[in-house]
Structures are given as structure tokens and as C-alpha cells.
Amino acid sequence: MTGQADRAPEFYRIPRDWSDREGRKSGPPVSLPRRDPTLATSRHAPPLPLTAQFFVAEHVGRDQIHAGRDSHTYHFQSTPENIGDIVADLQRRTRYSTEWGSMARELEHVVPPPQLDEHLGVLLNRNVLVLCAEPRTGLSTAITHRALKFARQHRLGVERIFIEAAKDLHRSVDDLETPTLLVLDISDDGELGRELAKALPQIQAALHAHRSHLIIALGHEHFQAADATLPGSVFELRRPSAEAVLTACLRGSDGEGYLKEFLAHDRFKRHLADSWPPRMAKLAEMIKNAGPGLSMDHLFDRVLDGLDDWRQDLHRRFETEINPISRALLVAAAVLEFSPIESVVKATRRFLELVDYQEDRPHLLEEPSLTAEFAQLTEVFDPARSTFRRPGYAAAVVPHVWIEYPRWRSPLKTWFIELLQYPKYLDEQGLGRVIVAFVALASAANDSELVTKTVTEQLGDDVDLGAQLLLRGALDTVIGKEVRRSLWNQAYYANASTSRQLMLAKVCGAPAYAERFPNNALYRLQHLAKSEDASVQQAVVTAVSNVSLHHRPRILLIRFTSWLDPSGPSQLPHMVPRMIDAVYRRTEFQERLRHDPDALNTDPGGHVATFWQRLFRTATPTEARSAATAWLEAAAALDAETGDALADHLVSAALRDYRSIGQLAQTVRAQLARNDQGRLADLSLHIMIKLLELKEPLP
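Residues numbered from 1 in each chain as written. Predicted model: local features only at pLDDT ≥ 70, side-chain atom pairs only at ≥ 80, totals over all residues. Heavy atoms only, no water.

Caption draft 1: Structural context of the overall build of the protein. Secondary structure assignment for the protein yields 35 helices and 9 strands. Looking at the protein as a whole, 55% of its 699 residues are labelled buried. Restricting the contact set of the protein to residue pairs at least 6 apart, pairs at least 24 apart contribute 76%. (Helix = DSSP H or I, 4+ residues; strand = E, 2+ residues; numbered from the N terminus. Buried < 20%, exposed > 50% of the residue type's maximum accessible area, 1.4 Å probe, protein only. Contact = heavy atoms within 4.5 Å.)

Caption draft 2: Region of the structure containing the pairing of strand β6 (residues 213-219). Of all 7 residues in β6, 7 are buried, a share of seventy percent or more. Going residue by residue along β6, you find H213, I215, A217 and G219 tucked away on one face and L214, I216 and L218 tucked away on the opposite face as well. Taken together, the 5 bridges between strand β5 (residues 180-185) and β6 define a ladder with parallel strand orientation. Paired with L181 across the strands is H213, a residue of β6. The parallel pair β5 and β6, bridged by helix α8 (residues 190-209), forms a crossover whose chirality is right-handed. (Pairing = 2+ DSSP bridges. Right-handed = clockwise from strand over helix to strand, strands pointing away.)

Caption draft 3: Expanded view of the side chain of H213. Here H213 lies in strand β6. Take H213: its relative accessible area is 9%, and that puts it in the buried class. Looking at H213, its side chain comes within polar contact range of the main-chain oxygen of L123, at 2.9 Å. Filtering out sequence-adjacent residues up to four positions away, H213 remains in contact with L123, L124, N127, F150, L156, T180, L181, L182 and L207. (Polar contact = N/O pair within 3.5 Å; in protein donor to acceptor, adjacent residues only side chain to side chain.)

Caption draft 4: Seen up close, the nonpolar core. The biggest cluster of nonpolar side chains holds 158 residues, and the ones touching the most others in it are L246, W415, Y513, Y584 and W612. In this structure L246 touches L259, F262, L263, L272, M280, L283, A284 and I287, once residues within four positions along its chain are discounted. (Core = buried A, V, L, I, M, F, W, Y, C linked by side-chain atoms within 4.5 Å.)

Caption draft 5: Representation of unusual backbone geometry within the structure. For S386, which is not glycine, the phi dihedral falls at a positive 55 degrees. With a phi angle near 50 degrees, N446 is a residue other than glycine that sits in the positive phi range. Relative to the assigned elements, N446 resides in the loop between α20 (428-444) and α21 (449-458). Given the relative accessible area of 46%, N446 is considered partly exposed.

Caption draft 6: A look at the packing of helix α18 (residues 393-404) against helix α19 (residues 409-420). Following both chains from N to C, one finds α18 and α19 inclined at 145 degrees, their axes separated by 9 Å at the closest point. Along the contact surface, α18 presents V398, V401, W402 and I403, while α19 presents R409, L412 and F416. Of the residues belonging to the contact of α18 with α19, the class tally is 6 nonpolar, no polar and 1 charged. (Axes fitted to C-alpha atoms, helices over the stretch in contact; angles between N-to-C directions. Nonpolar A, V, L, I, M, F, W, Y, C, P; charged D, E, K, R; others polar.)

Caption draft 7: The arrangement of the packing of aromatic side chains in detail. Within this structure, the stated rule accounts for 20 aromatic pairs. For the pair F560 and F611, a centre-to-centre distance of 6.5 Å together with 40 degrees between the ring planes defines the contact as tilted. Residue F560 is located in helix α28 (residues 553-563), and its partner F611 is located in helix α31 (residues 607-618); the two are separated by 51 residues in the primary sequence. In this structure F611 comes out as buried when scored by relative accessible area, which is 0%. For the ring pair W612 and F616, a centre distance of 5.6 Å and an interplane angle of 40 degrees mean the geometry is tilted. With W612 and F616 both in helix α31 and 4 residues apart, the pair spans about one turn of that helix. (Phe/Tyr/Trp six-rings, centres within 6.5 Å; stacked < 30°, edge-to-face > 60°.)

Caption draft 8: Spatial organisation of the pairing of strand β4 (residues 157-161). Examined bridge by bridge, β4 and β5 share 5 bridges and lie parallel to one another. Pairing of I161 across the sheet is with L184, part of β5. In the classification by handedness, the crossover that spans β4, the intervening helix α7 (residues 166-174) and the parallel β5 is right-handed.

Caption draft 9: Inspection of the pattern of salt bridges at higher detail. Overall, the coordinates contain 29 salt bridges when judged by the stated rule. Ionic pairing is found between R316 and D313, a salt bridge with its closest N-O pair at 3.0 Å. Of this pair, R316 and D313 both sit in helix α15 (residues 311-321), 3 residues apart, which is roughly one turn of that helix. Note on R316: relative accessible area 35%, which makes it partly exposed. Given the relative accessible area of 2%, D313 is considered buried. The salt bridge partner of R350 is E353, with a shortest N-O separation of 2.8 Å. Of this pair, R350 and E353 are both found in helix α17 (residues 341-354), 3 residues apart, which corresponds to roughly one turn of the helix. Counted as one network, the salt bridges with shared partners bring together D313, R316, R317, E321, E379 and R390. (Salt bridge = Lys/Arg side-chain N within 4 Å of Asp/Glu carboxyl O.)

Caption draft 10: Representation of the packing of helix α27 (residues 534-547) against helix α29 (residues 572-584) in the model. Taken N-terminus to C-terminus, the directions of α27 and α29 make an angle of 45 degrees; their axes are 9 Å apart at the nearest point. When the axes of α27 and α29 are compared, the pair comes out oblique. α27 and α29 meet at a crossing whose hand is right-handed. Between α27 and α29, the contacting residues are Q537, Q538, V540, V541, V544 and S545 on the first element and M575, R578, M579, A582 and V583 on the second. The class makeup of the residues in the contact of α27 with α29 is 7 nonpolar, 3 polar and 1 charged. (Parallel < 35°, antiparallel > 145°, perpendicular 65-115°, else oblique. Left-handed = near helix turned anticlockwise from the far one by under 90°.)

Caption draft 11: Quick look at the side chain of S326. Within the fold, S326 resides in helix α16 (residues 324-335). Of the residues examined, S326 reaches a relative accessible area of 3% and is grouped as buried. Polar side-chain contacts of S326 include one of 2.8 Å to the side chain of Q376. Residue contacts for S326: discarding those within four places in its chain leaves E373, Q376 and L377.

If you want it as C-alpha cells, here you go:
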């Protein structure tokens, strides 16, 4: 890890030892200009340095990785529209899951942790259970395991929440409509942990009032503060048997044959004594992939290096075992693992051009094959399958280079930005891998600006690409909070370009973001709605429709009611009817109402009526008719009792003044004029009869 003080300046010259080996003078790498938004499918990379141009002119041949070998230019493609799905698919194996069914399957073989029964008893009787532990101790798995056990025992719904401040937790508790088990992991957020430790008694009281429960994961440094404010509910996580964890992880795998000898080996015994479950799981993965026939000492050296993110292997390999071209090949292969090998080779060639590295060109008939280019890397990389032979190796390469070779950073960043602009030698999956690798690099360097500044300064008007980088950065456990803060600033101050605002709307409306931060997303979209640009307004409506799937229907209407305030942004009250139209016409939202008939069929707090009263008073006739029609269509899709209740909410809201009565009457009259048969017509007639029975508005 490197801090701000260690960051390299903007440009670097080629390391002198590289230049001396080849007898050529090195110069600064080519800088990449800001992307021209007017270029679409035939954007070109910047020209080669004059030395490289001269070298190219003399030698024309097939595509090779060596810098300056041919006169091909680099054409770029438009970012594919489905890039979000591509990246999500690539991250599915490592992305933090909030699907309880899949997590339950993953936890089936978890070793029962110490104090489990005591923890579940405290959670039941005191409503709050706080677990504290050091990093990489399995704390997230521990709270998930306890949550699933508790929910099964007491038949409770489980909701994982993500918050930015303690007030967000209070709001989440206040929004509960049925007894629920909340799960919150802020073990990696020291500032929020300190704030929350002080607020535990108030949170406990709110949970008790809602007959709900909460499991919190806090960093070990907050144990004393949390225990002082809520004694009896706070525990330090205890370590389960490392041998039992390893046995469970290897059971039924190819590595099970090593297990007995492994557990009896003195070097392994000493190592197991201090290991927590995550390290054991990673160790098991190394053993599974080690292959048969290794001695225990060889196996120990292999897995120990793997557990240390392959630092020793990478240091030795870069310093003593591979030449400059193989260095570049290793970096490209790590970023583009599983991509066609030709794509890896072309990306390597481009990196060598950016650092102005050249070598004498052999005769055409003496050129090595693509596979032969990887001769120095075959111990760790399989060119036939374009994949690394050791788990976790690919992810370790670029962070190692960034930290150990600071003068590489500027050309490496330039190279990444070119790859993000989708050169034609990449396929869609390759672009997805570049996005994942670039955000992983920013995370490893703990540098959120590597993402945010790249989007604002380098990617121009590419909304889809910018949104994907911001989204992945916002969800990262290391840089996520800073990236989310930048989203807030851009949305709140409304000083961003149209393309930037469209990026923000896409991020907030992305399922992964809306699922984790539904309140956060709505507030940012509320500020984005101040924009007068029609495309931004439509993007906000679409994003709100996506976020609606992660809010309780009644709570969503409460939020919308506040947006109908005439003293707020002038556009917002007129966008709410469009949002209702978009939300209630969604099949997924209607399905949610169908499975939860209690969501809106009663209105004990009067929130539903208040919303419709305000909408009828502030919306134009066209806006009100569109929103009310969408509401009735959703009601028509539900069972008779619930559908009638939703229709009656409209009547109750309209009966307060003549304007509202007129708005609703126009809506149902338009439906009845169509002479349709079916549930929607029945509901419209039901409402019209009630309105005709009214002699004057209710007081």
C-alpha cells in the first residue's frame, strides 16, 4: 500500500536500466489526450514517438507485441450497451451477495462458531447483538451465519442494510412495518463505527418498539466503547478450530488427499494455530489447486506465498526471472485473463509503445509464435487457456507493479485508459475485465480519485463506461465511501455536465447500488431532478423506478410526498407523477404488491391519502390522470380485496376538495369511455359511483 506522499508525479521516464540494456535513449511515455466525444467507431490512439515511427517504417510485418513493429493504428469501438451485465457477470463469483438463499447454501458447511447459543439468546432478549473482531477474521461470515440461524428459529424476515451515517440506521428501523432481523456490517468503517457505538441504546429502544432485531459487525477497536454503552450485547469474536475449518473446506475436493499429512506436519501446525476462517478458506483453495505429488515442504512454500498475495513469487519473477517484454506480458495477461491470447499480445505491444521500449526486430521467418511469447511465464500462466495456474495470482500482479515500480504508474494509467476506451482488439468480456481490474487497482492503492478523475477528465461523454466505473468504485469496500461522497457532491450542487448527470442517474438506478443504498440513491436522484435537461429528467425517472423495487411501497410514497412540496425545485413536483406512472406499471413492482397484500391495503397513518391529496392539488390534469391510471392498473392486477382498497385510497384522498374530485373523475371517466371489460373497468366504475354519491367535499 502506498500513501499520498509516495505517489509518483504525472509522468516518468523509462527506467534507466531498461534503456542501458538496449543501448537506446529513453523518453517520456506518450500522453493520452482527452477523448474526443465526436469520434465514435474510428477513434485513434495517439501517434507513436518519432523514433518509433521511423522504426515502423523500416519494418513491416505481422502483428507482434514488440513496440514499433508495424503501422497499424488503434481503432476504438463504442462501449457496448450491455456492459453493466458483462461486468456484473464477471464479478458474480466475488461480488458481495445479498441473496439470502445463496448465502445459506454457502454456509451449510460452516463450522459452528463458539458462543453461538449465547449470541442468539442475547439477540432474542436484548434485540441487539454486536460482534467485534480484527480484519480478515471471518466477521462478515459470522454475522451472516448467526442471522440465518436466528431467522430460521423465529421465522423472521432478514434484511441486510447499508448505511452512511447513524441517522440512516434510525431511518431503517423507523421504516419497518413488520418484525424484521436487520444485519449491518460496518467493520471496515472506523468513523461510522465510533458514531454508531454511541447511539446503540437509542437504536435498541427503537428496535424493541418495532419488535425487531439487529446484528452489527464492528471493528475490534470499537469493542470497549460499544460495550460501555450497551453492556451484555457486545462480544469479541472467538476463533473456531482452524483444523475443523480446513477439514470442512477440503471435504470432497481434490485436495482432501493432502489433509491428513497436512494436519500432522509441524510447519502447518504452527501456521494453523494463528489462522482465522478466511485464511483457512484461502489456504484450502491453494491446496485444491496445488496438483498431486507435492512434498509437504514444497506445498507449504506454495500456499504460504499464495496466502501472502504471491508477493515473494512476484518479486523474484520481476527482478530476476523475466525480461522486460515478459514483464509487460504478465501485466497484460493479469488484466485480460481469459481473453483471446491475441488480445493479450496486442495489449502488451501497446504498453511497450507507451513506454517507448524497442528491440531489434528478427526476420519474418524467425519470429516466435504467439504461444512462444509466453515462454518465460508458463510456470504461472497457461497461454493455451489464457489463464493463470495459481488462484489469486492475476489479481496480485497489477497492485504489485503499482506499489513496487512507481515510475510505471503514469504509462500504466494511460494504458488502462486506452483499454477502457475499448480498442477493437478487445472483445466485450475483455472490456469488462479491464473495468474490474482498474477499480481493483484503485482499491489496492486506496485512491478513489483514480476512478473519479479518470471519469471526469479522460472519458468525455461515454455515459455507459463512466457509469460502470463509478458504480464499481462506489460499491468497493475500500474506496466506496469516497466515491459515493463524490456522487453526492455532483448531484447536490447540480454543476455537472449533462453526460455526468446521466452517469450519476445510471449509477443510482443500478440494481447493485439501489439494493445496497436505496435511501442514498433516492436522495441523490432527488437532487439530480433539479436538472432542466429532458434526458436527465427521464434518466432520473427510470432510476427511481429501479430503486422502487428496494423500498417498501408505503415508505416510497412518503418520500414522494416530500418531493411534491411546491417550495422545492420547480421540476420535482411535476416529475413525481411520471415516477408513479413508471413504478406502478412495472411488472416487478406489481408482483411485489401481489406477494405482499398488506403493503398498501390499509393506511393507518394516512400516508397514502396524504400523498394523493398533495398530488391531486399540485399536478396538472394530464399528470394526475397518468399517475392515477397507473395506480389503478396495478390495483387491477391484485386480488379483489387489495385492489378495492387501493381504489378506495384514491377516493378518500379526493374527497377533501373539488379540484381533487375533478382530477380523479377525469381519470375514471377516460377509462369508462373506452368501453373495456375487465377488472380495470370495474374499479373505475366503483370509483365513479362513489364520486357521484358525494354532494360536497368532506370537511
